[in-house]
Amino acid sequence: MQKNPQTIAQKILAAHCGRDHVGQGEIINAEVDIVLGNDITMPLAIKEFKKIGVDRVFDKDKIVIIPDHFTPNKDIQSAQQCKAVREFASEFKIKNYFEVGRMGIEHALLPEQGLVVAGDLIIGADSHTCTYGALGAASTGVGSTDLAVAMATGKLWFRVPSSIKFEFKNNLKPWITGKDLILYTIGMIGVDGALYKSMEFTGAAIDRLSMDSRFTMSNMAIEAGGKFGIIEVDEITETYLKGRAQRPYKVYSSDPGAEYDQVFEIDCSQIDLQVSVPHLPSNAKPAAQLSDITIDQVVIGSCTNGRMEDLEVAAKIIEGKKVKEGLRVIIIPATQNIYLEAMKRGYLKIFVEAGCVVSTPTCGPCLGGHMGILAQGERALSTTNRNFVGRMGHPSSEVYLCGPAVAAASALTGKISIPGEGAR
Amino acid sequence: MIIKDKAIKYGNNVDTDVIIPARHLTSTEESELAMHCFEDLDKDFKKKLAWGKIVVAGANFGCGSSREHAPIAIKASGVRLVIASSFARIFFRNAINIGLPLVQSEEAAQNIMQGDELEADLGGGTIKNLTRGKVYRINPLPDFIQGVIKSGGYIEFIKKELGK
């Protein structure tokens, strides 16, 4: 066995502070590969950046700015914020500034554009920055002051996390996607079950899982308190990176004998379609047990589930059918490319003919921004990531979380439903 | 630094959406954010500030979004200290970075009740509960983080490092 075996998280952090080994719990100052901000976190970061008193950013090509939360601008105040962000991007010649029209939801867009690659250390002023762990990267959310400091110096302090390993075994039941696996996992360990820790997703079921489903799983590591949600690089990752990675990438893997706080074995053959009931993502239950819950709105979209696979699943279920009368169904492809591809494949036609709304990419309703805010007492079933009090609108409204199959099946019935056996 | 004040108590998993709902994230003004602090959690928070300025909560305080608006709203409300069983990691970083004092102590968080009068000596590593006659020990933060706090936040810390 290797001397000083390390987890993948340790190895990536060590490589970014010029060392061979870092210990769990140690505080290090590391160089980051990509620094990300959006229209919510960037305005505060600009304020802090100006206080530092530097007249340049550390590297104009390593900063990515995406106005995606309240865009296309939902009101005058958000327009002012976007204007400030746009002006900053222009002043510092930020290459990767994505204006409305090119813009997509950041955590779908960065991987799609090949801006984040395996082996990277990435920070973003958005909690779901952990999404890129699916590419074998160490990637985590920070706040605006950290973003400001990273933009100025290219470095940030990190506490080297301990890790929890999740081994997903056996075959998935029909219609199960990454969302069901991660909701089930969060339900098992709780919303602080991985607090400060790196979650590693491994096992035969992960090996067979699509890239889109892997992004969904890493995306929600934060909902268990996780710092990273890492999946090691395999053929599926390399196929995804091929032709899109804008930089050479590096493959890291955990050493045999690396230290884990916990190791969980999860039998996927026992996992049913999941729904997390209000008001915590950890309140996961089999969807089939919730068939008497009526809903006012369905949302299919977000950095969690607005990718091609999600739209494909939804289109298969909705094709040729009609949305239940009185229900609002909002579908939000996460990027312009996904939108175009969904158009080519005829999915958008299926959705619109069924009575769904199809929106331009935006985070929109996920965080109660716009494009589908809930009134008092209303209930949404959503493929998004959080069901906290007031998340999608009025403080007395409710959000139930699910994957695309349950969302689409429920769109047809107006109640929490699972797709029929014959539907696939 | 000694902070003497009364406790306002909340439960587990106080998330950033209830600390400052996203509908108010179209502003970065401290006073504007303070106006809506804890709006969806506790309608009476502002009334309570008249008698207490230490927030005490359970596990995973500040979970959810990375919005730094959350600790800013709390600090700008006049809250002087947050004590919790545990903090979500991004909230913890953000609070340290902007100079909102935090104490992680499961014992204190569980034992302290709403309205208890507290005397926190962060340098000395103790919190006295004057109402209940108890003393809670605080584990010191890592040296690096203490350095950031002593500088008055991460921006000031970095300015010193860069010689600005």
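What you see is a predicted model; the values in this text were computed from it and never measured. (Residues numbered from 1 in each chain as written. Chains lettered and ligands numbered in written order. Predicted model: local features only at pLDDT ≥ 70, side-chain atom pairs only at ≥ 80, totals over all residues. Heavy atoms only, no water.)

Engineer: When you look at the overall build of chain A in this model, what are you seeing that I'm missing?
Structural biologist: If you tally the helices and strands in chain A, you get 14 helices and 18 strands. Across its three principal axes, chain A shows a C-alpha extent of roughly 60 × 55 × 40 Å. For chain A, the residues scored as buried account for 64% of the 424 residues in total. A sequence separation of at least 24 residues applies to 77% of the contacts in chain A between residues at least 6 apart. By element, 48% of the accessible surface of chain A is carried by carbon and sulfur atoms, the whole surface being about 14,500 Å². (Helix = DSSP H or I, 4+ residues; strand = E, 2+ residues; numbered from the N terminus. Buried < 20%, exposed > 50% of the residue type's maximum accessible area, 1.4 Å probe, protein only. Contact = heavy atoms within 4.5 Å. Areas by Shrake-Rupley, 256 points an atom, 1.4 Å probe, with all protein chains shown as cover.)

Engineer: What exactly am I supposed to notice about empty space enclosed by the protein here?
Structural biologist: Space left empty within the atom packing is revealed by a probe, the size of a water molecule, rolled over the atoms. In this structure the tally under the stated criterion is 3 cavities of 30 Å³ or more. Put simply, the largest cavity is a space of about 220 Å³. Lining the largest cavity are 23 residues; nearest its centre among them are A:H69, A:D126, A:H128, A:L367 and A:R391. Counting residues per element, the ones that place at least two in the lining of the largest cavity are helix 4 (106-112) and helix 10 (302-305) of chain A. Within the lining of the largest cavity, the residues separate by chemical class into 8 nonpolar, 10 polar and 5 charged. Estimated volume of the second largest cavity: approximately 60 Å³. Lining the second largest cavity we find A:V191, A:L195, A:I222, A:G225, B:N60, B:G62, B:C63, B:G64, B:A88, B:R89 and B:I90. (1 Å grid on protein atoms, 1.4 Å probe; cavity = no way out; pocket = protein on both sides within 12 Å on 5 of 7 lines; lining within 4 Å. Points joined across faces, edges and corners; volume = space filled by probe spheres on them. Nonpolar A, V, L, I, M, F, W, Y, C, P; charged D, E, K, R; others polar.)

Engineer: What is the right way to read the pattern of salt bridges from this model?
Structural biologist: Two side chains that carry opposite charge are able to pair once their charged atoms sit near each other. Enumeration according to the criterion identifies 30 salt bridges over all chains in this entry. Of the charged contacts, one joins A:K74 and A:D75 as a salt bridge, the two residues approaching to 3.4 Å between their closest N and O atoms. Residue classification places A:K74 among the partly exposed positions, given a relative accessible area of 27%. A salt bridge links B:R67 to B:D17; the nearest nitrogen and oxygen atoms lie 3.3 Å apart. In this pair, B:R67 is assigned in the loop between strand 2 (54-57) and helix 4 (69-76) and B:D17 in helix 1 (residues 16-19), connecting sequence segments 50 residues apart. Summarising the burial analysis for this pair, B:R67 and B:D17 share the class buried. (Salt bridge = Lys/Arg side-chain N within 4 Å of Asp/Glu carboxyl O.)

Engineer: So what exactly am I meant to see when it comes to the packing of aromatic side chains here?
Structural biologist: How two aromatic rings sit relative to each other is set out by the distance from centre to centre and by the angle between their planes. Per the counting criterion, the structure on display carries 16 aromatic pairs over all chains. Pairing A:F166 with A:F264 gives two aromatic rings, centres 5.3 Å apart and planes at 10 degrees, and the pair type is stacked. Residue A:F166 is found in strand 8 (residues 163-169), and its partner A:F264 is found in strand 11 (residues 262-267); the two are separated by 98 residues along the sequence. A centroid spacing of 6.2 Å and a plane angle of 55 degrees characterise the contact between A:F168 and A:F201, whose relative ring orientation is tilted. Of this pair, A:F168 sits in strand 8 while A:F201 sits in strand 9 (residues 198-202); the two residues are 33 residues apart in sequence, bridging distant segments of the chain. The same class applies to A:F168 as to A:F201, namely buried. Clustering of aromatic rings is evident, with ring pairs tying together A:W157, B:F144, B:Y154 and B:F157. One Lys or Arg, A:K74, reaches over the ring of A:F70 and ends 4.9 Å from the middle of that ring. (Phe/Tyr/Trp six-rings, centres within 6.5 Å; stacked < 30°, edge-to-face > 60°. Lys NZ or Arg CZ within 6 Å of the ring centre and 35° of its normal.)

Engineer: Even after reading the chapter, I still don't get unusual backbone geometry, so can you show me in this structure?
Structural biologist: Backbone phi values are negative for most residues with the exception of glycine, while trans is the configuration of most peptide bonds. Residues and elements named next belong to chain A. Each neighbour pair has its own omega, and for T71 with P72 the value is -15 degrees, a cis peptide bond. Of note, P72 is situated in the loop between strand 3 (63-66) and helix 3 (76-91). Here the amide bond leading from P278 into H279 is cis, since omega sits at 0 degrees, within 30 degrees of zero. On the secondary structure map, H279 appears in the loop between strand 12 (274-276) and strand 13 (284-286). If you check the backbone angles, K93 has positive phi at about 50 degrees while not being a glycine. Following the sequence through the fold, K93 ends up in the loop between helix 3 and strand 4 (96-97). With a phi angle near 65 degrees, M371 is a residue other than glycine that sits in the positive phi range.

Engineer: Quick question: what am I supposed to make of the nonpolar core here?
Structural biologist: With 185 residues, the main nonpolar core has A:F168, A:F351, A:I416, B:F38, B:F61, B:I74 and B:F91 as its most contacted residues. Excluding anything up to four places from it in sequence, A:I416 contacts A:V275, A:A287, A:L290, A:S291, A:I293, A:I295, A:L381, A:Y400, A:V406 and A:S410. Among the nonpolar cores identified, the runner-up in size contains 14 residues, and B:A7, B:V103, B:I112 and B:I127 belong to it. (Core = buried A, V, L, I, M, F, W, Y, C linked by side-chain atoms within 4.5 Å.)

Engineer: It is not clear to me how the layout of surface pockets should be interpreted in this structure. Could you clarify?
Structural biologist: Estimates place the volume of the largest pocket at around 950 Å³. Lining the largest pocket are 31 residues; nearest its centre among them are B:F92, B:L102, B:L141, B:I145 and B:I149. For the lining of the largest pocket, the secondary-structure elements that each account for two or more residues are strand 7 (155-159) of chain A together with helix 5 (89-98), strand 4 (102-104) and helix 7 (143-151) of chain B. In terms of residue count, helix 5 of chain B provides more of the lining of the largest pocket than any other element does, 5 residues in total. Looking at the lining of the largest pocket, its residues break down into 18 nonpolar, 8 polar and 5 charged. In this structure, the second largest pocket is lined by 16 residues; those nearest its centre are A:E48, A:K51, B:E30, B:K75 and B:I98. Looking at the lining of the second largest pocket, the elements with two or more residues in it are helix 2 (42-52) of chain A together with helix 4, helix 5 and helix 8 (154-162) of chain B. Per element, the largest residue contribution to the lining of the second largest pocket is 4 residues, and it comes from helix 2 of chain A.

Read these as geometric descriptors, not functional statements.
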